Amino acid sequence: MADGRVLVVDDEPDHGLTVRAILARDAVAVDFAASPEDALAQACQQTYDVAILDLRMPGRDGLSLMHALRRGQPSLRVIILTAYPSPTTCRTALTEGASAYLEKPCAPEALRAMVASLLAQSSKSP
Amino acid sequence: MADRIAQVLADQIEAICANASARLTGRAEFAGDQRHLAAALSTLAAALIDAARDDQPERLSDAALALGRDDGDPCRGYGRVQLLLDVLCSESVEALRRVVLGSEGKEASARLRGLLGPAMLGLADLCRQTDQAGPPEAGAERGS
């Protein structure tokens with residue numbers, strides 16, 4: 001897998017830490033934030049290749065956070081996760097610029113596959 | 001390695017599809033559509049074997065995109081095919097792990113994920129492009 005750094009943001013720490021553990025199997029550097037505010041603070045200190053954002057969070061939803069993160073890191077690839085999938089939210093997420101939209105809990109192998117592909121894309125882009 | 005992966009998957013294709021079908025049968029996305037589910041799984045599994053044998057991720061991506069295009073609503077199609085790929089990925093990796101062990105098994109699993117990742121991202125691109133060309137319904141629901 002290409003090198004890179006991933007930010008996982010989820011207000012449910014159990015789920016977020018599970019995602020981090022899944023990705024850690026591939027020796028990817030993964031940071032975890034339990035709130036959008038925490039995520040924005042971490043993104044001020046660190047550049048990320050991929051962000052995995054829960055869609056429904058208190059205060060700021062995952063799409064709003066995606067736009068906020070991209071203001072500082074325009075090439076950031078984003079995967080949106082949701083426990084409440086629907087064609088409408090899928091359409092909104094993808095047309096607003098998410099690279100992928102996945103249902104929670106996501107299949108570990110699928111998530112690893114998707115993150116590997118996004119990191120490979122990121123490593124090839126200027 | 002490519003031939004080995006393809007052979008393991010081909011040898012276990014019936015079990016992989018049966019397990020995947022059992023996991024998806026209760027899903028609302030496939031309710032009342034079991035024949036479609038079986039046919040789509042079979043198509044994707046065959047494409048996965050071809051992709052593995054020739055080390056050509058495009059084989060799987062093309063099959064997934066064709067299934068996604070068949071759906072009138074690109075985002076509903078995305079969700080359905082995405083689910084199929086998720087489960088097919090899990091079952092295929094499990095099948096590989098039972099046969100290919102140790103470091104060779106890890107390499108085989110990584111190669112398999114390397115075939116599935118582009119297909120999943122390609123589906124998202126298809127949904128995005130089709131929707132931007134003409135969304136089937138107005139309005140947006142956020143924050144779910």
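The sections below set out a description of the structure shown in this document. Small disclaimer: the values here were computed from a predicted structure and weren't measured. (Residues numbered from 1 in each chain as written. Chains lettered and ligands numbered in written order. Predicted model: local features only at pLDDT ≥ 70, side-chain atom pairs only at ≥ 80, totals over all residues. Heavy atoms only, no water.)

Taken together, the 33 residues of chain A in the interface contact 32 residues of chain B. Of the roughly 2,600 Å² buried at the junction of chain A and chain B (both faces included), carbon and sulfur atoms supply 54%. Among the residues of chain A in contact with chain B, Arg91, Leu94 and Glu109 of chain A are the three that bury the most area, contributing 24% of the side total. Counting across the interface, chain A meets chain B through 4 salt bridges. Its salt-bridge partner being Arg27 of chain B, residue Glu103 of chain A comes within 2.7 Å of it at the nearest N-O pair. For the side of chain A that touches chain B, the secondary structure elements donating two or more residues are helix H3 (62–72), helix H4 (87–95), strand S5 (100–103) and helix H5 (108–124) of chain A. Looking at side-chain class alone, the side of chain A that touches chain B contains 15 nonpolar, 10 polar and 8 charged residues. (Contact = heavy atoms within 4.5 Å. Buried area = accessible area lost by both parts, 1.4 Å probe. Salt bridge = Lys/Arg side-chain N within 4 Å of Asp/Glu carboxyl O. Helix = DSSP H or I, 4+ residues; strand = E, 2+ residues; numbered from the N terminus. Nonpolar A, V, L, I, M, F, W, Y, C, P; charged D, E, K, R; others polar.)

This part takes up the packing of aromatic side chains. Under the criterion given, the structure shown has 0 aromatic pairs over all chains. Above the plane of the ring of Tyr84 of chain A lies Arg56 of chain A, whose end atom (NZ or CZ) is 4.2 Å from the centre. (Phe/Tyr/Trp six-rings, centres within 6.5 Å; stacked < 30°, edge-to-face > 60°. Lys NZ or Arg CZ within 6 Å of the ring centre and 35° of its normal.)

Right, let's talk about the side chain of Arg70 of chain A for a bit. Residues and elements named next belong to chain A. Note that Arg70 resides in helix H3. Although Arg70 lies buried, it forms no salt bridge, and the closest oppositely charged side chain, Glu96, sits 8.2 Å away as judged by the N-O distance. Dropping the residues within four chain positions of it, Arg70 is found in contact with Leu76, Arg77, Val78, Glu96 and Gly97. (Buried < 20%, exposed > 50% of the residue type's maximum accessible area, 1.4 Å probe, protein only. Lys, Arg positive; Asp, Glu negative; His and termini not counted.)

So, about the pattern of salt bridges. Enumeration according to the criterion identifies 19 salt bridges over all chains in this entry. Put simply, Glu91 of chain B and Arg23 of chain B hold a salt bridge, and the shortest N to O gap is 2.9 Å. In this pair, Glu91 of chain B sits in helix H5 (residues 74–99) while Arg23 of chain B sits in helix H2 (residues 13–24), placing the two residues 68 residues apart along the sequence. Through salt bridges that share partners, Asp26, Glu109 and Arg112 of chain A together with Glu94, Arg97 and Arg113 of chain B make up one connected network.

What follows is about the nonpolar core. Ile52 and Ile79 of chain A together with Leu44 and Leu85 of chain B are the most contacted members of the largest nonpolar core, which has 92 residues in total. Take this core: its biggest share by element is 12 residues, from H5 of chain B. (Core = buried A, V, L, I, M, F, W, Y, C linked by side-chain atoms within 4.5 Å.)

What follows deals with the pairing of strand S2 (residues 29–33) of chain A. Residues and elements named next belong to chain A. Most of S2 is tucked away, with 4 of its 5 residues classed as buried. For strand S1 (residues 5–9) and S2, the ladder comprises 5 bridges, and the chain directions are parallel. From the neighbouring strand, Arg5 faces S2, where its bridge partner is Ala29. Each parallel crossover has a hand, and the one from S1 via helix H1 (residues 13–24) to S2 is right-handed. (Pairing = 2+ DSSP bridges. Right-handed = clockwise from strand over helix to strand, strands pointing away.)

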